[in-house]
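One-letter residues, chain by chain:
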2 protein chains.
Amino acid sequence: MQTKILLDEDAIPKAWYNIQADLPSPLDPPLHPGTGKPVVPGDLAPIFPMELIRQEMSTQRSIPIPDEVRDILRLWRPSPLYRARRLEQHLKTPARIYFKWEGVSPPGSHKPNTAIPQAYYNMKAGVERLATETGAGQWGSSLAFATALFDMECTVYMVRSSYDQKPYRKSMMQVYGAECIPSPSPRTAAGSKVLAEHPDTPGSLGIAISEAVEDAAGRSDTNYALGSVLNHVCLHQTVIGLEAREQLAMVDEYPDTVIGCVGGGSNFAGIAFPFAGDKITGKHPETEILGVEPTACPTMTKGLYAYDYGDVAGLTPLMRMFTLGHDFVPPAIHAGGLRYHGVSPLVAKLIHDGVVGASSYHQNEVFEAAVTFARTEGIIVAPESAHAVKAAIDAALECRRTGEERVILFNNSGHGNFDFSSYEAYFAGRLIDYEYPADLIRESLSHLPKVG
Amino acid sequence: MQTKILLDEDAIPKAWYNIQADLPSPLDPPLHPGTGKPVVPGDLAPIFPMELIRQEMSTQRSIPIPDEVRDILRLWRPSPLYRARRLEQHLKTPARIYFKWEGVSPPGSHKPNTAIPQAYYNMKAGVERLATETGAGQWGSSLAFATALFDMECTVYMVRSSYDQKPYRKSMMQVYGAECIPSPSPRTAAGSKVLAEHPDTPGSLGIAISEAVEDAAGRSDTNYALGSVLNHVCLHQTVIGLEAREQLAMVDEYPDTVIGCVGGGSNFAGIAFPFAGDKITGKHPETEILGVEPTACPTMTKGLYAYDYGDVAGLTPLMRMFTLGHDFVPPAIHAGGLRYHGVSPLVAKLIHDGVVGASSYHQNEVFEAAVTFARTEGIIVAPESAHAVKAAIDAALECRRTGEERVILFNNSGHGNFDFSSYEAYFAGRLIDYEYPADLIRESLSHLPKVG
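Rules used throughout
Residues numbered from 1 in each chain as written. Chains lettered and ligands numbered in written order. Predicted model: local features only at pLDDT ≥ 70, side-chain atom pairs only at ≥ 80, totals over all residues. Heavy atoms only, no water. Helix = DSSP H or I, 4+ residues; strand = E, 2+ residues; numbered from the N terminus. Rg over C-alpha atoms; globule rule 2.2 N^0.38 Å. Buried < 20%, exposed > 50% of the residue type's maximum accessible area, 1.4 Å probe, protein only. Contact = heavy atoms within 4.5 Å. Areas by Shrake-Rupley, 256 points an atom, 1.4 Å probe, with all protein chains shown as cover. Lys, Arg positive; Asp, Glu negative; His and termini not counted. Charge placed at Lys NZ, Arg CZ, Asp CG, Glu CD. Salt bridge = Lys/Arg side-chain N within 4 Å of Asp/Glu carboxyl O. Buried area = accessible area lost by both parts, 1.4 Å probe. Polar contact = N/O pair within 3.5 Å; in protein donor to acceptor, adjacent residues only side chain to side chain. Nonpolar A, V, L, I, M, F, W, Y, C, P; charged D, E, K, R; others polar. Pairing = 2+ DSSP bridges. Axes fitted to C-alpha atoms, helices over the stretch in contact; angles between N-to-C directions. UniProt positions renumbered as here; feature names shortened; annotations may be inferred. Least-squares fit on C-alpha atoms with pLDDT ≥ 70 in both. 1 Å grid on protein atoms, 1.4 Å probe; cavity = no way out; pocket = protein on both sides within 12 Å on 5 of 7 lines; lining within 4 Å. Points joined across faces, edges and corners; volume = space filled by probe spheres on them. Parallel < 35°, antiparallel > 145°, perpendicular 65-115°, else oblique. Left-handed = near helix turned anticlockwise from the far one by under 90°. pLDDT = per-residue confidence, 0-100. Expected span 1.5 Å × (residues − 1).

Focus: the overall build of chain A
Right, on to step 1. The helix and strand inventory of chain A stands at 19 helices and 15 strands.
Right, on to step 2. The globule rule puts the C-alpha radius of gyration for 452 residues at 22 Å, and the 20 Å found for chain A is close to it.
Right, on to step 3. Projected onto the principal axes, the alpha-carbon positions of chain A cover approximately 60 × 50 × 45 Å.
Right, on to step 4. Counting the 452 residues in chain A, one finds 65% classified as buried.
Right, on to step 5. Restricting the contact set of chain A to residue pairs at least 6 apart, pairs at least 24 apart contribute 77%.
Right, on to step 6. Of the roughly 15400 Å² of accessible surface on chain A, 51% is carried by carbon and sulfur atoms.
Right, on to step 7. The average position of the 39 basic charges and that of the 52 acidic charges among the side chains of chain A differ by 3 Å.

Have a look at this one:
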């Protein structure tokens, strides 16, 4: 009764899979926020190293992973693929449920899959310091981990409300030697301006992005790093799906359904893109590929497919994506990593093209699924990942109704060791199932930038 | 440059190794606390199932692991064996450093290795509910995990100071469906008595043990479970060393030095006993085997080898062990799992017989080692495990001085995701390096029970 399907370290993929090579039509280009014209590599050079800019724009199918990056990925990769037999038995489903377990990375999620190569390419380009923002802290602690291993400096602007409420993620960054600053901070013009107007602001991801970009743009030794949304970030995450496909092949399986939760879209891209490529190219045209989001922040299910900014202040390039409007502020749900107004342009295009589907859940049903998972499979997942658990359980229950023996694969993107206050709130009945915030979305969508 | 040495699930050991079979002379028997006579199985039957009592007293070398237990161990075992190459490079040592990584279990430490079989044997004996105590929460959350998988009830008496300071371990138990009660509690006579006299007491492990034992003894559906010290607990942990020996053999290595931290002694027993057996039986007579403890609670290095109680109140059998006296209260250091006045009788005998050595460290140097480890190997360890990291680093630095290419193996018993307040205290310079508390120890040793 095999539970885990393991791969040797030599099976860590030697190249990332770039789905841009297989898109039926090219991605709409990002636009310069000032000129409205397509971004050229030179526009990004002040904050990104050239190799990452090349990857961002590349349509080459296979992009080699440097040996120095693979050597660090060995610390936790290949991650195990689990057959969730106890969950299957509990659900009395004929479906076979598999999940890829990314919580085995030292910081506890999929984020280091891109933090390591981003730090590496910056190091190779002579950059000594990285600046970034973080919301709940998963990304900030992962970049801190990566820069520690490459002996670089790292400054993380952490949204003040999270900085105060989740002190342990800040401590983790400190152990890795990174500097973690509550945002808004007096260190940047963007932060100072907000502080002058709203001294007691809890901060926001949009403000923190502005601070990190300003920091990176203003220092020659410093670049900026982003943990989701961008093409090169999705690219780096494809190790998840590439490994999973190989692990499933070892037991003669191929998934009928592939599921991931979606905030900015990077862990979803990681599990889904290799299978989406198989679908687009006709190798496996029937695969169902499903992104899952919170009903309180329904980017994919209720947003518009339109050009919008990546941040609140409108400093980033305009990207064509599903968006709720760049100044949409979602209700305070406990899956902080899914509270983003937009979604990766690549994921958005696959949804627009009908390759990928989307669904949404309320947070109480999501936590209920997470508790079922913990009591059957033993693993306590992050609230974000719990959205994928919930969708997988629903897919398996549908199989119980239909009798279909589907193979369901989902990405279990991270552990919940920093999220117990959320579980407590769930048990105490304090979690609110926000209705679809139609008024808020209508308002913010009215502020979409005019393009072309 | 292989980093992890992995085993397939089929290589999970099929039997535990019982070092009692290889001891040159038998263990001194536990004595009944009332009569002072050797304990017989019937004395333990009110709180333990017969199979665990048999294992406690067995001198059979190899004790089969039931398939139902191995099937659950598959959720995380075999655990990976790491070669700490980045740490070696950082230390510029000719030594080869390996560590067994037990933090991959769902609750995050080695404790489930015994929680699972303990829950299993109780379930098989028709027991529906387990009661236990927990200090920092590692053991309580592991037993909660185990009882969830066997669909049993579980009540954990958690030392009140930890209950208040470490709420997330309590939440973890809640997710697994266990009941967690701050101790002392009004639910037991022992707890009520303490509360009447000291309503504001922070509690202690000794009181919590008394409550759990009273709970189990008073209900026919309930047994008691202990997470360390006892022979059967050490037995269950030997999967660690058995796997490690096989993993090292896969790369043609055998350790010259084996290191583990010691509180009650169970994780140390787990890594060390298979190698201690090889040493006693003359297969590898030269292996250095080292237990590491905090200078503030120097059981092995400053205690007496004598009969003493396992708990403060004197309710448990008398065991011959190294002890600082059952009413010794160690200073409040941040490795809560190592603050125990005694040590497993089996570990104590091996020290007494010269098979195992012991050393002690102050907490600041231990945290310094943990930070070095995090910044080279990426893993942030629990403060307890950090004692083993520190000893391994010192052994490797000694090799740099001597030029010896020793093979150093240590057990990395758990992750530090619930210990960031301790890391913060370290960085803030708030950790006190308590000197050897000679006065306290002299006082408590004067209370040792008279025997024979």
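Observations regarding the pattern of salt bridges
Right, on to step 1. Tallying each qualifying case throughout the model produces 50 salt bridges over all chains.
Right, on to step 2. Across the pair Arg54(A) and Glu51(A) runs a salt bridge whose closest N-O atoms are separated by 3.1 Å. Of this pair, Arg54(A) and Glu51(A) both sit in helix 2 (residues 50–57), separated by three residues, roughly a single helical turn.
Right, on to step 3. The exposure class of Glu51(A) is partly exposed, given its relative accessible area of 27%.
Right, on to step 4. For Arg187(B), the salt bridge identified is with Glu179(B), shortest N-O distance 2.5 Å.
Right, on to step 5. Look at Arg187(B) and you get partly exposed, because its relative accessible area is 44%.
Right, on to step 6. Exposure remark for Glu179(B): the relative accessible area of 31% places this residue in the partly exposed category.

Remarks on the interface of chain B and chain A
Buried accessible area, meaning the area lost when the parts come together, often serves as the stated size of an interface.
Right, on to step 1. Every contact between the two is made by 45 residues of chain B and, on the other side, 44 residues of chain A.
Right, on to step 2. Carbon and sulfur atoms make up 57% of the surface buried where chain B meets chain A, a total of about 4000 Å² over both sides.
Right, on to step 3. For the interface between chain B and chain A, the tally reads two salt bridges.
Right, on to step 4. Two residues, Lys4(B) and Glu9(A), come together in a salt bridge whose shortest N-O distance is 3.4 Å.
Right, on to step 5. For the pair chain B and chain A, the interface holds 24 residue pairs in polar contact (both at pLDDT 80 or more).
Right, on to step 6. Taken together, the elements giving at least two residues each to the side of chain B that touches chain A come down to helix 3 (67–73), helix 6 (138–149), helix 8 (167–175), helix 16 (363–377) and helix 18 (420–427) of chain B.
Right, on to step 7. Counting residues per element, the side of chain B that touches chain A draws most heavily on helix 8 of chain B, which supplies seven residues.
Right, on to step 8. Residue classes in the side of chain B that touches chain A are distributed as 25 nonpolar, 10 polar and 10 charged.

Notes on the sheet that holds strand 9 (residues 222–224) of chain A
All names here are of chain A.
Right, on to step 1. Taken together, the four strands give an open sheet; going across it, the order is 8-7-6-9, and neighbouring strands pair in parallel fashion. One side of each edge strand has no neighbouring strand; the edge strands of this open sheet are strand 8 (179–183) and strand 9. Taken over all neighbouring pairs, the strand axes of this sheet differ in orientation by 25° on average, direction set aside.
Right, on to step 2. When strand 6 (residues 129–134) meets strand 7 (residues 153–159), the two strands line up parallel, connected through six bridges. Directly across from glutamate 133, in strand 7, lies its bridge partner tyrosine 157.
Right, on to step 3. This element, helix 8 (residues 167–175), spans strand 6, strand 7 and strand 8 of the sheet and lies at about 175° to strand 7.
Right, on to step 4. Helix-sheet contacts for helix 10 (residues 205–217) involve strand 6, strand 7, strand 8 and strand 9, and the interaxial angle to strand 6 is about 170°.

Section: the UniProt feature "modified residue: N6-(pyridoxal phosphate)lysine" (unreviewed entry) in chain A
All names here are of chain A.
Right, on to step 1. According to UniProt, the positions carrying the feature "modified residue: N6-(pyridoxal phosphate)lysine" (unreviewed entry) are Lys111.
Right, on to step 2. When you line up the elements, lysine 111 lands in the loop between strand 5 (96–101) and helix 5 (112–124).
Right, on to step 3. Given the relative accessible area of 13%, lysine 111 is considered buried.

A few points about the relation of the copies chain B and chain A
Right, on to step 1. Rotating chain B by 180° about the axis while translating it 0.0 Å along that axis superimposes it on chain A, leaving an RMSD of 0.0 Å. Overall, the copies show the geometry of a two-fold rotation axis.
Right, on to step 2. The fraction of interface residues of chain B whose copies in chain A are also interface residues reaches 98%, indicating that both copies meet through the same surface.

Thoughts on empty space enclosed by the protein
All names here are of chain A.
Right, on to step 1. In total, this model carries nine cavities of 30 Å³ or more according to the counting rule given.
Right, on to step 2. Residues belonging to the lining of the largest cavity are distributed by class as follows: 26 nonpolar, 11 polar and two charged.
Right, on to step 3. Estimates place the volume of the second largest cavity at around 80 Å³.
Right, on to step 4. Forming the boundary of the second largest cavity are 16 residues, of which Pro294, Ile333, Tyr361, His362 and Gln363 lie nearest the centre.
Right, on to step 5. Ranked by residue count, the leading element in the lining of the second largest cavity is helix 16 (residues 363–377), at three residues.

Points about the packing of helix 18 (residues 420–427) of chain A against helix 8 of chain B
Right, on to step 1. Helix 8 of chain B packs onto helix 18 of chain A with a crossing angle of 50° between their chain directions and a minimal axis gap of 9 Å. Between helix 18 of chain A and helix 8 of chain B, the angle falls in the class oblique. Crossing of helix 18 of chain A over helix 8 of chain B shows left-handed handedness. Side by side, helix 18 of chain A and helix 8 of chain B meet where Phe420(A), Ser421(A), Tyr423(A), Glu424(A) and Phe427(A) of the first sit next to Pro167(B), Tyr168(B), Lys170(B), Ser171(B), Met172(B), Gln174(B) and Val175(B) of the second.
Right, on to step 2. Among the residues making up the contact of helix 18 of chain A with helix 8 of chain B, the classes are represented as seven nonpolar, three polar and two charged.

Topic: the side chain of Ser105(A)
Right, on to step 1. Assignment of secondary structure puts Ser105(A) in the loop between strand 5 and helix 5.
Right, on to step 2. Judged by relative accessible area, Ser105(A) falls into the buried class, the value being 3%.

Thoughts on the environment of Val347(A)
Residue and element names in this part refer to chain A.
Right, on to step 1. Within the fold, valine 347 resides in helix 15 (residues 345–352).
Right, on to step 2. In this structure the C-alpha to C-alpha distance between valine 347 and histidine 32, which are 315 residues apart in sequence, comes to 21 Å.
Right, on to step 3. Contacts of valine 347, omitting those with residues within four sequence positions, involve Gly265, Phe268, Ala269 and Phe273.

Remarks on the UniProt feature "domain: Tryptophan synthase beta chain-like PALP" (unreviewed entry) in chain A
Right, on to step 1. What UniProt calls "domain: Tryptophan synthase beta chain-like PALP" (unreviewed entry) maps, in this numbering, to residues 74–414 of chain A.
Right, on to step 2. Secondary structure content for residues 74–414 of chain A is 44% helix and 19% strand, and the end C-alpha separation is 18 Å.

Notes on the confidence of the model for chain A
Right, on to step 1. Of all residues in chain A, 100% have pLDDT values of 70 or greater, and the mean over the chain is 95.
Right, on to step 2. With pTM at 0.97, the complex prediction returns an ipTM value of 0.96.

What to know about the pairing of strand 12 (residues 304–309) of chain A
Residue and element names in this part refer to chain A.
Right, on to step 1. Counting buried residues in strand 12 gives five out of six residues, a clear majority hidden from the surface.
Right, on to step 2. Here strand 12 runs beside strand 13 (residues 318–323); their pairing, made up of six bridges, is antiparallel. Along strand 13, the bridge assignment pairs leucine 304 with threonine 323.

Some words on helix 16 of chain A
Residues and elements named next belong to chain A.
Right, on to step 1. Taking 1.5 Å of rise per residue, the 15 residues of helix 16 would be expected to cover 21 Å, and the 20 Å separating its terminal C-alpha atoms lies within 8% of that figure.
Right, on to step 2. Buried within helix 16 we find Gln363, Val366, Phe367, Ala369, Ala370, Val371, Phe373, Ala374, Thr376 and Glu377.
Right, on to step 3. Looking one or two residues past helix 16, glycine 378 carries a phi angle of roughly 90°, positive in sign.

Concerning unusual backbone geometry
Right, on to step 1. Residue Pro184(A) is reached from Ser183(A) by a cis peptide bond, and omega for that bond is 10°.
Right, on to step 2. On the secondary structure map, Pro184(A) appears in the loop between strand 8 and helix 9 (189–197).
Right, on to step 3. Residue Val229(A) is not a glycine yet carries a positive backbone phi of 70°.
Right, on to step 4. On the secondary structure map, Val229(A) appears in the loop between strand 9 and helix 11 (231–237).
Right, on to step 5. A positive phi angle, near 55°, is found at Asp252(B), a position not held by glycine.
Right, on to step 6. Of note, Asp252(B) is situated in the loop between helix 12 (239–250) and strand 10 (257–261).
Right, on to step 7. The exposure class of Asp252(B) is exposed, given its relative accessible area of 74%.

Examining the pairing of strand 15 (residues 407–412) of chain A
Residues and elements named next belong to chain A.
Right, on to step 1. Of all six residues in strand 15, six are buried, a share of seventy percent or more.
Right, on to step 2. Both strand 5 and strand 15 contribute to a ladder of six bridges, which runs parallel. Paired with isoleucine 97 across the strands is isoleucine 408, a residue of strand 15.
Right, on to step 3. As defined by bridge partners, strand 10 (residues 257–261) adjoins strand 15 across three bridges and the pair is classed as parallel. Paired with threonine 257 across the strands is isoleucine 408, a residue of strand 15.

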